[in-house]
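# Commentary on secondary and tertiary structure
Here is what each chain is made of, one letter per residue.
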Amino acid sequence: MLWVKAFHIIAVITWFAAIFYLPRLFVYHAAAEDTVSRERFKIMERKLYRGIMTPSMIVVLALGAWLISYSPRYYFIESHWMHAKLALVALLIVYHFYCGHLLTIFRNDKNQRSHVFYRWFNEIPVFMLIAIVILVVVKPF
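In this report, we go over the structure that sits alongside the text. (Residues numbered from 1 in each chain as written. Predicted model: local features only at pLDDT ≥ 70, side-chain atom pairs only at ≥ 80, totals over all residues. Heavy atoms only, no water.)

## Topic: the pattern of salt bridges
Within this structure, the stated rule accounts for three salt bridges. Where Asp 109 meets Lys 42, a salt bridge forms, and the shortest distance between an N and an O atom there is 2.9 Å. Separated by 67 residues along the polypeptide, Asp 109 in the loop between α4 (80–107) and α5 (115–121) and Lys 42 in helix α2 (residues 35–69) bring together distant segments of the chain. For Glu 78, the salt bridge identified is with Arg 73, shortest N-O distance 3.7 Å. Owing to a relative accessible area of 46%, Glu 78 belongs among the partly exposed residues under this scheme. In the salt-bridge network here, residues are joined through shared partners; they are Glu 39, Lys 42 and Asp 109. (Salt bridge = Lys/Arg side-chain N within 4 Å of Asp/Glu carboxyl O. Helix = DSSP H or I, 4+ residues; strand = E, 2+ residues; numbered from the N terminus. Buried < 20%, exposed > 50% of the residue type's maximum accessible area, 1.4 Å probe, protein only.)

In structure tokens:
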């Protein structure tokens with residue numbers, strides 16, 4: 001079980017690194033004024049989303065389910081903090097796929113938002129990460 005937990009944590013770190021970096025690329029992409037830069041950002045965004053972000057999300061979910069399977073009664077009935085954590089993970093999944101939607105918008109040169117929007121958008125997962133870590137470590141309820 002400890003090996004599964006270790007790889008789950010590694011996958012979470014990888015997923016969050018990508019979740020933090022992709023919207024930062026959107027900031028720079030939205031501010032880019034030349035074609036060469038915009039095309040470079042499209043490649044970087046696609047590779048990050050498909051090559052790192054999505055595979056790491058899948059590993060996080062698979063290993064998380066594996067960890068829950070060791071003691072489903074404890075996690076689903078007795079641990080209310082886990083319900084809150086899973087709700088936040090569900091929101092992260094929505095955020096992840098919304099990033100994929102934004103990727104398509106940028107790929108098709110249809111972005112209508114400024115770099116300021118993406119700067120704020122980039123902060124959303126920070127709050128989710130803080131809440132998830134507190135829930136897992138402190139287990140407040």
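## A word on a nonpolar patch on the surface
There is a patch of nonpolar side chains on the surface, built from Phe 127, Ile 130, Val 133, Ile 134, Val 136, Val 137 and Val 138 and spanning about 650 Å² of accessible area. Relative to the helices and strands, Ile 134 resides in helix α6 (residues 124–138). Its relative accessible area of 44% is what places Ile 134 among the partly exposed residues. (Patch = residues over 30% accessible without salt bridge, like charges linked within 9 Å, V, L, I, M, F, W, Y side chains within 5 Å. Areas by Shrake-Rupley, 256 points an atom, 1.4 Å probe, with all protein chains shown as cover.)

## Structural notes on α6
Taking 1.5 Å of rise per residue, the 15 residues of α6 would be expected to cover 21 Å, and the 22 Å separating its terminal C-alpha atoms lies within 8% of that figure. On the buried face of α6, the contacting elements are α1 (2–31), α4 and α5. Lys 139 sits one or two residues past α6 and shows a positive phi near 50°. (Expected span 1.5 Å × (residues − 1). Contact = heavy atoms within 4.5 Å.)

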